Amino acid sequence: MVKTYAYGFPRIGKNREYKKVIESFWKNKIDENDLVSELQHLEGEMENTYSKNVDSHPSNEMTMYDKMLDTAIMLGFYDPQTTEEYYELCRGKNALEMTKWFNTNYHYLVPDLSTIETNPYKNPKFKITGENPHLIGPFTFLKLSKGVSKELFGLYLTNLAYIYKEIISEFDTVHIDEPAFVMDLDYLDITLIKNCYDIICDNDTKVNVFTYYEDVDWLDNLVKLPVDGIGLDFVNGRNNLKNIISMDRDSLSDKTIFAGFVDGTNVWRTDVKYVNTYTYHLSNIFGEVVVTNAGPLYHLPVTLKGESHFSHFLFKHLSFATEKLQELNDIKNDDTSKYSKYVGEWNNLVVERLDNLKDDDFVKSLNVTERRKLQDSILNLPELPTTTIGSFPQTKEVRVNRLHHTKGKIDSNTYTKVVNEFIADAIDIQEDIGMDVLVHGEPERSDMVEHFCQRMHGMASTTNGWIISYGTRCYRPSIIHGDVTRSEKPMTVKEIEYAQTLTDKPVKGMLTGAVTIMAWDYVRKDIPVEKVAYQIALALQDEIRDYEKAGIKMVQVDEPAFRELVPIKKRYYGEYFDWAIKSYNLSVNTSPRTQIHCHMCYSEFNEIVNEINQLDFDVVSIECSRSGGEIIEAFENIDFKRQIGLGVWDIHSPAIPSKDDMVAILKRALKVIPRKQFWINPDCGLKTRGWDETKKSMKNMVEARKEILGE
Ligand code: GLN
Ligand code: ZN
């Protein structure tokens, strides 16, 4: 009988206990002992769920915020003395930069290794524990950190190898995650990895190394590492299985393969028959086969249990983290009864619209220069206009209003009345502070993706399907299961239209782009991915046309996840960018009079500025405050003709940016970007902030603008 293993089970808890506990600690409602014991309790629950379903699993998977930071502390690069100091590193004024974890919507804290000497294991709180502790591997840790030059990379890796060797020597078995093994690596990288693992494995500890999210291009060398087991992703690594089966068997017979057949990143059920056929093949090649998940399970909600509103048809094709564990058990028992092939719901109208798309449908009728002239004459904006990214603080009142409405405690009229009051307040505040382009604040939206999913056919939202996007921040992905169309009514126009009646300044319409909707939801796999994208794009295009009818002059189409979905390997870039860029351009192909804004955040965009430059927006706003404006340099290198707003204030921290901080960023940016192309705005939406900080920060931003203009 085949063995089973699982890792990366969501730490969030069945009812988001993780978030509640940590945030209570931040608010001083519980003390450190409570925090620690609650987190231990959650970890215990995770372990129980594992034990019920699979043969083994790692320990040490819990964190107070982020595993990359914990690894950096374990290795001695940071040395917080108290839990408060730990959270300072996560979200204080000098917090670590945050960026996306591979091509997922998890964000990690980026350790900066430039200034600190390693002093391993100084901090006993961050010692690893348990039977089979989970560790982020040294190569992945170093690859994803910053501050180590190319020249020093090898030296650092060797030093880390010795520290890891010492750390793991206390254990019989360790689980090491090395997802960076699937990146585009060169010969030197592979040699360094080999040296590194020669050092680490020079002891009696059993080392199992896990790769995932893509395939490993250097399998020949991977299997020669002196490790005991290797984990491969057979779901998102499209070539792994084919490559491994055609390999020279002699090198494999003493290895354990952790065969990642159960998708940790999508919700569709596993074809047990398929898995078992290949497991059989693999068992003739490897010393031992252990079936496991492909990619950590924390990309999935905890359980399907309680999601009773899905159609029966859809439900029986789904599986969340707990059900994935059960699937592993089904694989073990060769129970094929729960799987059948999924085919999503059709909509002939959409299918026909897609079939009739022509090249012209992706190209606007006026070029950017002509559009600028036209829009300037319509909008009459001052130099260096100020704006925000869309959402305002989601206060308790805002959330309670929505909740009461969903639960039927208040009727639609009352609900709308209260929403309109929030909008009116937001408009007043922005007018008072002197913002130039206003937003309505998004008080009707629980989440920038879910809001749209609930208003389109072909998508289903969950009731309790939360996953963590960073720290304690959670969201509920929806499931794109059929052909997508807009429900009969416009999805967002009413609120923006109302906001616009309250002011003479332009109010931006606010939409979430197709790529982001797909990145933050689970996407059906029964039709090609580009078709899903164009279906959503057409729905958005219809929405923008409705804005135009309502007299809205500016629309922002957010694509914060544009970078996230970029494949890990360069060779797949082309196919992704082709549909991603086209879907954006299809959605904004409306009247050239409407100024299109695009917002992106939370990623390293430097590498893809050329692709961003192919998106047909008029103004782009890009995060840059945490990464210190590195992006500005990237824009220097392309002939960027359009307008750009660089985030001058980090909204992910409660710290209020001073006028001087922002003036400094602005001065630097204005050396590169001409003044007439420049906008001033925060990094991202303000939904997670309080009103007090928001008002103060907005005021400082307006003051910073005045100083730059010499007013
Ligand atoms: N318009 C959204 C907001 O302001 C954008 C959020 C995002 O980019 N993540 O909340
Ligand atoms: Zn953003």
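Note on numbering: residues in each chain are counted from 1, in written sequence order. Each chain gets a letter, beginning with A, and each ligand a number, beginning with 1, in the order they are written. With pLDDT at 70 or above as the cut-off, local features in this predicted model cover only qualifying residues; side-chain atom pairs require 80 or more to be listed or tallied, and sums for whole chains, interfaces and linings still use all residues. Side-chain descriptors were evaluated using all non-hydrogen atoms of the structure, hydrogens and water having been removed beforehand.

Peer 1: Quick one: what's the story with a positive patch on the surface, residue by residue and with numbers?
Peer 2: Patch construction takes residues with relative accessible area above 30% that form no salt bridge. Like charges are linked within 9 Å, and nonpolar side chains (Val, Leu, Ile, Met, Phe, Trp, Tyr) are linked within 5 Å. Here the Shrake-Rupley method, with its probe set to 1.4 Å, supplies the accessible areas, and only the displayed protein chains count as covering residues. A pairing counts as a salt bridge when a side-chain nitrogen of Lys or Arg comes within 4 Å of a carboxyl oxygen of Asp or Glu. When charges are tallied, Lys and Arg are placed among the positive residues and Asp and Glu among the negative ones, while His and the ends of the chain are skipped. For this purpose, a charge sits on NZ of Lys, CZ of Arg, CG of Asp or CD of Glu. Together, K27, K29, K396 and R399 give the surface a local cluster of positive charge. Starting at the N terminus, helices and strands are each numbered in turn, a helix being any DSSP run of H or I of at least four residues and a strand any DSSP run of E of at least two. Along the chain, the position of K27 falls in the loop between α1 (17-26) and α2 (32-53). Three labels apply to residues, based on accessible area from a 1.4 Å probe with only protein chains included: buried if under 20% of the type maximum, exposed if over 50%, partly exposed otherwise in between. The exposure class assigned to K27 is exposed, which follows from its relative accessible area of 54%.

Peer 1: Can you lay out the sheet that holds strand β13 (residues 479-486) for me, pointing to particular residues and giving the numbers?
Peer 2: Note on pairing: DSSP must find at least two bridges between two strands before they are called paired. One open sheet holds the three strands; their spatial order is β10-β13-β15, and the pairing between them is mixed. Unpaired on one side and paired on the other, β10 (456-460) and β15 (522-523) mark the two borders of the sheet. Two strands pair when backbone bridges link them, and β10 and β13 are joined in this way by four bridges, in the antiparallel orientation. In the strand pairing of β13, M456 is matched with R486. In what follows, residue pairs with any heavy atoms lying within 4.5 Å of each other are defined as contacts. Note on geometry: axes are lines fitted to C-alpha atoms, helical ones only across the stretch in contact, with angles between N-to-C directions running from 0 to 180 degrees. Its contacts with the sheet put helix α20 (residues 529-549) on β10, β13 and β15, and the angle it makes with β13 is roughly 35 degrees.

Peer 1: How would you summarise the pairing of strand β19 (residues 643-647) if you had to cite specific residues and measurements?
Peer 2: Of all five residues in β19, five are buried, a share of seventy percent or more. Residues Q643, G645 and G647 line one face of β19 and the alternating positions I644 and L646 line the opposite face, and both faces are buried. As judged from the four bridges shared by strand β18 (residues 619-622) and β19, these two strands associate in the parallel manner. Opposite V619, over in β19, you have Q643 as the bridge partner. Note: β19 against strand β20 (residues 678-681), four bridges, orientation parallel. Along β20, the bridge assignment pairs G645 with W679. The parallel pair β19 and β20, bridged by helix α24 (residues 659-672), forms a crossover whose chirality is right-handed. Crossover handedness is defined here as right-handed if the route from the first strand over the helix to the second strand goes clockwise, with the strands pointing away from the viewer.

Peer 1: Lay out the coordination of the zinc ion (ligand 2) with the relevant residues and their values.
Peer 2: Counted as coordinating are nitrogen, oxygen and sulfur atoms within 2.8 Å of the metal, or 3.2 Å for Na, K and Ca, while water is not included, which may make sites look incomplete. At 2.0 to 2.3 Å from the zinc ion (ligand 2) lie its protein donor atoms, namely H599 (NE2), C601 (SG) and C684 (SG). Under the classification used here, a metal with four donors is tetrahedral if each angle lies between 85 and 135 degrees, square planar if opposite donors are over 155 degrees apart and the others between 65 and 115, a six-donor metal meeting that same test is octahedral, and anything else is irregular. Coordination at the zinc ion (ligand 2) is tetrahedral, judged from the four donor atoms that bind it and the angles of 92 to 128 degrees they form at the metal. Coordination of the zinc ion (ligand 2) draws on donor residues from a single chain, spaced H-x1-C-x82-C in sequence. Judged by its relative accessible area of 2%, H599 falls in the buried class.

Peer 1: Describe the domain arrangement of the protein, listing the residues and the values that go with them.
Peer 2: Where each domain begins and ends follows an automated or database-derived domain assignment. Domain boundaries in the protein define domain 1 (3-332) and domain 2 (348-709). Counting from both sides, the interface comprises 55 residues of domain 1 and, opposite them, 44 residues of domain 2. Two parts placed together each lose some accessible area under a 1.4 Å probe, and the buried area is that loss summed for both. For the pair domain 1 and domain 2, the two sides together bury roughly 4,100 Å², of which 53% comes from carbon and sulfur. At the boundary of domain 1 and domain 2, one finds eight salt bridges. Taking the shortest distance from any N to any O, the salt bridge between D217 and K569 comes out at 3.5 Å. We call two N or O atoms a polar contact when they sit within 3.5 Å, provided that within protein one can donate a hydrogen and the other can accept it, with sequence-adjacent residues counted only if both atoms are side-chain atoms. Across the contact surface, domain 1 and domain 2 share 25 residue pairs in polar contact (both at pLDDT 80 or more). By residue number, the principal contributor to the side of domain 1 that touches domain 2 is α1, which donates five residues. For this scheme, ten residues count as nonpolar: Ala, Val, Leu, Ile, Met, Phe, Trp, Tyr, Cys and Pro. Four count as charged, namely Asp, Glu, Lys and Arg, and the remainder, Gly too, count as polar. Class assignment of the residues belonging to the side of domain 1 that touches domain 2 gives a composition of 25 nonpolar, 13 polar and 17 charged.

Peer 1: A description of the nonpolar core should follow, citing residues and the corresponding values.
Peer 2: Counting residues in each nonpolar core, the largest one holds 228 residues, and the members touching the most others are W101, F141, Y197, I244, I536, F562 and F678. Residues lining this core come from more than one domain, with at least three contributed by each of domain 1 (3-332) and domain 2 (348-709). Not counting the four nearest positions on each side in its chain, W101 is found in contact with M68, Y106, H107, Y108, I136, T140, L144, P179, Y212, Y213 and Y298. Ranked by size, the runner-up nonpolar core spans five residues in total, among them V437, M554, V619 and W679. Remark: nonpolar core denotes a set of buried residues (Ala, Val, Leu, Ile, Met, Phe, Trp, Tyr, Cys) joined through side-chain atoms within 4.5 Å.

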